[in-house]
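A closer look at the structure
What follows is each chain in one-letter form.
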Amino acid sequence: MSTAFDEEAIIEGVKAPLIDSSRATGTPSTEVILQWENLEYKVKNAAEKGILRTILHQISGEARAGETIAIIGSSGAGKTTLLNALSGRIVGGQLSGSILYRGAKRHPGTFKRINAYVQQDDLMHPLLTVEETLTYASGLRLPNSRYTAEEKAERVNSVIRNLRLEAARNTKIGDAATRGVSGGERKRVSIGTELLTDPRLLFLDEPTSGLDSNSSELVVELVKSISAERGIATMMTIHQPNARIFNTFDKVILLSQGRIVYFGPTSDAIRYFASIGYQCPMHENPADFFIDLMTLDYRSDETLARSKEQVKDLAEKFLQYSPETEKTVSELGNESNKDVGSSSGSSTGNNSDTSNSSHKDRSRSKMISFFNSTGSTETLDMPRNNWLAEYSTLARRDWVNLLRNVPFLMGQIVQAIFMSLLIGFMFFYLKHDALSVQNRLGVMFIVIVNATFPILMPMLTLYYKERDIMIRERSSATYRVSAFYVSKVTTLLPIAYVSNLVFFTGVYFISHLVFDAGKYFIGLATFFSMIAVTISYMLLVGSAVKSVEVGFIIAPVIVTIQLLFGGLFSVPGTITPVLRWIRWVNPIQYGFSSLALNELRGLTFDCDSGQQCYRNGEEVIEAYSLGRFTIWQNILLLLMLGAFDAILGYICLRWVAKPRYIWL
Ligand SMILES: Nc1ncnc2c1ncn2[C@@H]1O[C@H](COP(=O)(O)OP(=O)(O)OP(=O)(O)O)[C@@H](O)[C@H]1O
């Protein structure tokens, strides 16, 4: 029964405009969206083997539609861990307890599409404008089966309006290298991207970190008003909010050492602490006062012991905080209201009602858990776009990003022109004498080398950045890994081909390789196949090796080994048998053989009788063992190696991008 209700509500929610007056009550509703009980999270203790360290202790609570809850605590209190546990993004360790979404057990596939998570660091494409960022996100996240292009555009406009991003609409996001939007605008774009899908739950990790107080207030106020209007249950971690921001929240969870010290309406917090003997001074920021109370004081052993005792006392007192106690606290608060003065907060009186019902609901949650353990689970699945739609949006986004990446494009073209001139003139107008044999082999080899490093390293840099954005976007089930991967192949290959066509043609004509249309195109086919292998290899390293630093060591080292065994520096047959197998998996060997066969076949050299020299190309091929395979066999082997790397890279990427969240 509850599933049917949920389904209707969510489908309606997805289609609804961002600000919908029918849902816009302006005050928190009473519908419980998320409930958690006795959450406990333990991790291995690095200091003592076999001992577990408890990060979260017996955490219970709930989030209701339309309310904004702040998780406040000092550094290391467990705020992010709690947020991750509630949003289904905990990795590693042991998580226990229960979490219910709208009274039912959460379904991993569905839950991640109806909750939105704004991470502390905003990973976005720096070269896209605010509007483009949101437009591509809407293309990827909103199903075409439910939204027309106009409706998606309207949704983007409404996000821009509601998050006050009009002035920055056409400004690029930017990064350390390119000036872009301000920190506050950047954060609002991140939030906007998540709000596009009209989530039921919004999680934000430190949304104000790095922002000045005005920007922080704007971010929190906008999030709060959108959450109230859209009926979104919002939870955010926040570090030392100022008094205005603190009073914006409907409720606060005060965490210390992984224990709840207070959870309830913001407006009741001061009264509660006063009731247990901790009176907030009149003009002090309540958040600062609470954080001081909850923070361990490491100045001396004595202060540490005292502060630990205080935290223990606060946590125990909150555990004893019952609806009956609460009544007493409220009465006490009403009596002492004059003392509390202005610092008692600006939240609406409505919050007290929410608080009462919150505690009733908390005591009721065991019953709900029992009800749900009988099998009522959230099974609704949100539609997603088909593969082709995902691919075409990603490919368009990739093209825009690539074509705006001037340093990368210039780097590719300038190096192609520069290298073609350098190599062309280094081997200018090759002759047909005995000495030209070595030069011809040198040109072939350098052409193949140019299809490796100059493509591999800059593309790997780009790929690592994009891969991390993809993993982030995938955590909210935005699109398929395969669509991302194919988009990368189909955009990077043409870029590499265009710039390297200039290089190959330049070298070919300046150094005067054998002028023959057939030979030119066969040489180009070999060169392009080698580029395809390099791009596949780049994708394999970038996907399989998680750490950028390690990837940048491994990638060139393997190519260097391939160069050593490429067929120019050593004749394959003479290599020590233990290492001889390398040639079978060495693309450079196949590429070099193919180019050399193409150039040398049918070529004669000036070699006087009696001299020790090669008389024709066939003799060179024989001496360097280049004729094991025909040209087309070499090209085929190259393409097979490329396909192997690409497929293996895809498997690795799926593995790397696979969320390993612990699910309750
Ligand atoms: N998987 C883990 N393995 C080991 N320790 C962990 C793990 N997850 C969290 N912790 C530890 O738990 C504590 C709480 O971490 P958490 O990131 O939740 O704190 P926080 O309150 O968000 O702090 P901050 O405000 O500094 O970000 C920290 O001491 C952290 O080192």
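Quantities reported herein were computed from a predicted structural model and do not represent experimental measurements.

What counts as what
Residues numbered from 1 in each chain as written. Predicted model: local features only at pLDDT ≥ 70, side-chain atom pairs only at ≥ 80, totals over all residues. Helix = DSSP H or I, 4+ residues; strand = E, 2+ residues; numbered from the N terminus. Buried ≥ 20, exposed ≤ 12 C-beta atoms within 10 Å, placed from the backbone. Contact = placed C-beta atoms within 7 Å. UniProt positions renumbered as here; feature names shortened; annotations may be inferred. Near = placed C-beta within 6 Å. Domains from an automatic or database assignment. Nonpolar A, V, L, I, M, F, W, Y, C, P; charged D, E, K, R; others polar. Expected span 1.5 Å × (residues − 1). Pairing = 2+ DSSP bridges. Axes fitted to C-alpha atoms, helices over the stretch in contact; angles between N-to-C directions. Parallel < 35°, antiparallel > 145°, perpendicular 65-115°, else oblique. Left-handed = near helix turned anticlockwise from the far one by under 90°. Arc of directions from axis to C-beta. pLDDT = per-residue confidence, 0-100.

Further remarks concern the overall build of the protein. Summing up its helical and strand segments, the protein has 24 helices and 12 strands in all. Counting over 664 residues, the protein shows a buried share of 44%. Across the protein, the fraction of contacts at a sequence separation of at least 24, relative to all contacts at a separation of at least 6, is 80%.

Let us look at the UniProt feature "domain: ABC transporter" (unreviewed entry) in the protein. Per the UniProt record, "domain: ABC transporter" (unreviewed entry) is annotated on residues 34-282. Structurally, residues 34-282 is divided into 36% helix and 28% strand, and its ends, taken at the C-alpha atoms, are 35 Å apart.

What follows deals with the site of the ligand. Close contacts around the ligand come from 14 residues, with Val43, Ser75, Lys79, Thr80 and Thr81 the closest. The element that contributes the greatest number of residues to the shell around the ligand is helix H2 (residues 79-87), accounting for three residues.

Turning our attention to the domain arrangement of the protein. Once the domains are mapped, the protein shows domain 1 (2-263 + 359-373) and domain 2 (399-657). Each of domain 1 and domain 2 has a C-alpha centre, and these two points are 47 Å apart. Listed as interface residues are 12 residues of domain 1 and, on the opposing side, 12 residues of domain 2. Put simply, the parts of the chain that give the side of domain 1 that touches domain 2 at least two residues each are helix H3 (108-114), strand S7 (115-118) and helix H4 (130-141). Of the residues assigned to the side of domain 1 that touches domain 2, the class counts are six nonpolar, two polar and four charged.

With 18 residues, helix H7 (residues 213-230) extends 25 Å from end C-alpha to end C-alpha; this agrees with the ideal 26 Å at 1.5 Å per step. Every buried residue belonging to H7 is among Ser216, Val219, Val220, Val223, Lys224, Ile226, Ser227, Ala228 and Arg230, and all of these are buried. Tucked into the core, H7 has its buried residues touching strand S3 (68-72), helix H5 (149-162), helix H6 (183-195), strand S8 (201-205), strand S9 (233-238) and helix H8 (243-248).

Moving on, we come to the environment of glycine 174. Mapped onto the elements of the fold, glycine 174 is located in the loop between H5 and H6. Separated by 47 residues in the primary sequence, glycine 174 and leucine 127 place their C-alpha atoms 6.1 Å from one another. Residue contacts for glycine 174: discarding those within four places in its chain leaves Pro126, Arg179, Gly180 and Val181.

Moving on, we get to the sheet that holds strand S6 (residues 104-105). The strand order across the open sheet formed by four strands is S2-S1-S5-S6, and the pairing between neighbours is antiparallel. Two strands in the sheet have a free side with no partner beyond their single neighbour: strand S2 (52-64) and S6. Note: strand S5 (residues 94-101) against S6, two bridges, orientation antiparallel. Across the sheet, the residue bridging to tyrosine 101 is alanine 104, located in S6.

On to the pairing of strand S11 (residues 259-265), then. Here is the key point about a regular strand: its side chains alternate between the two faces of the sheet. Among the seven residues of S11, seven are classified as buried, and the element is accordingly described as predominantly covered. Where strand S10 (residues 251-256) meets S11, six bridges bridge the pair, whose relative direction is antiparallel. For leucine 255, the partnering residue across the bridge sits in S11 and is isoleucine 260. In this structure, the hairpin formed by S10 and S11 is closed by a connection of two residues, where glutamine 257 is found at a positive phi of approximately 50°.

One way to put it is that helix H20 (residues 517-544) packs onto helix H22 (residues 587-600) with a least axis distance of 9 Å and a crossing angle of 175°. The orientation of H20 relative to H22 falls into the category roughly antiparallel. Side by side, H20 and H22 meet where Lys519, Ile522, Gly523, Thr526, Met530 and Val533 of the first sit next to Pro587, Gly591, Ser594, Leu595 and Asn598 of the second. Residue composition of the contact of H20 with H22, grouped by class: five nonpolar, five polar and one charged.

Here the focus is the UniProt feature "transmembrane region" (unreviewed entry) in the protein. The UniProt record annotates "transmembrane region" (unreviewed entry) at residues 406-430, 442-464, 485-508, 520-540, 552-571 and 635-657. In residues 485-508, helix accounts for 100% and strand for 0%; the two terminal C-alpha atoms are 33 Å from one another. Secondary structure over residues 552-571 splits into 65% helix and 0% strand, and the C-alpha atoms at its two ends are 29 Å apart.

Another point: the packing of helix H15 (residues 387-404) against helix H19 (residues 481-510). When two helices pack together, their arrangement is captured by the angle between the axes and the distance separating the axes. Here H15 crosses H19 at 40°, and the two axes come no closer than 8 Å. As far as their axial angle goes, H19 and H15 are oblique. Note on packing geometry: the crossing formed by H15 with H19 is right-handed. Contacts from Trp387, Glu390, Tyr391, Leu394, Ala395, Asp398, Trp399 and Leu402 of H15 reach H19 at Ala483, Phe484, Val486, Ser487, Lys488, Thr490, Thr491 and Ile495. Here the residues of the contact of H15 with H19 are counted per class, giving 10 nonpolar, three polar and three charged.

Here alanine 451 shows up in the loop between helix H17 (436-450) and helix H18 (453-474). Taking the C-alpha atoms as reference points, alanine 451 and isoleucine 535, separated by 84 residues in sequence, lie 9.5 Å from one another. When sequence neighbours within four positions are dropped, the list of residues in contact with alanine 451 reads Asn500, Phe527, Met530, Ile531 and Thr534.

Further remarks concern the sheet that holds S9. Backbone-to-backbone hydrogen bonds join strands into a sheet, with any given pair of strands oriented parallel or antiparallel. Strand order in the open sheet formed by six strands is S7-S8-S9-S3-S10-S11, and the pairing between neighbours is mixed. Because the sheet does not close on itself, it has two edges, and the strands there are S7 and S11. Across this sheet, the average inter-strand angle for adjacent strands is 15°, counted without regard to direction. As judged from the five bridges shared by S8 and S9, these two strands associate in the parallel manner. Within S9, the position partnered with leucine 202 by the bridge is threonine 234.

The next subject is unusual backbone geometry. With a phi angle near 55°, aspartate 198 is a residue other than glycine that sits in the positive phi range. Inspection of the secondary structure assignment puts aspartate 198 in the loop between H6 and S8. Under the C-beta neighbour-count criterion, aspartate 198 is labelled buried, with 23 such atoms within 10 Å. Even without glycine at this site, serine 625 takes up a positive phi of about 50°.

Before going further, it helps to spend a moment on the environment of asparagine 247. Within the element layout of this structure, asparagine 247 appears in helix H8. Here the alpha-carbon distance between asparagine 247 and serine 267, two residues 20 residues apart in the chain, equals 7.4 Å.

Over its 21 residues, helix H16 (residues 406-426) runs 29 Å from end to end, which matches the ideal 30 Å to within 8%, given 1.5 Å per residue. Those residues of H16 lying buried are Gln412, Ala416, Met419, Ser420, Ile423 and Gly424. The arc that holds every buried residue of H16, seen down its axis, measures 120°, which confines them to one face. Exposed side chains of H16 directed beyond 90 degrees from the buried face belong to Val406, Pro407, Met410, Val414 and Phe418. Looking at the packing, one finds that the buried side of H16 touches H17 and H19.

Time to look at the confidence of the model for the protein. Averaged over all residues, the pLDDT of the protein equals 85, while 86% of them reach at least 70. Every residue in residues 1-28 scores below 50 in pLDDT, and together they form 54 contacts with partners more than four places removed in sequence or on other chains. In the model, residues 323-380 has pLDDT below 50 throughout and makes 94 contacts with residues more than four positions away in sequence or in other chains.

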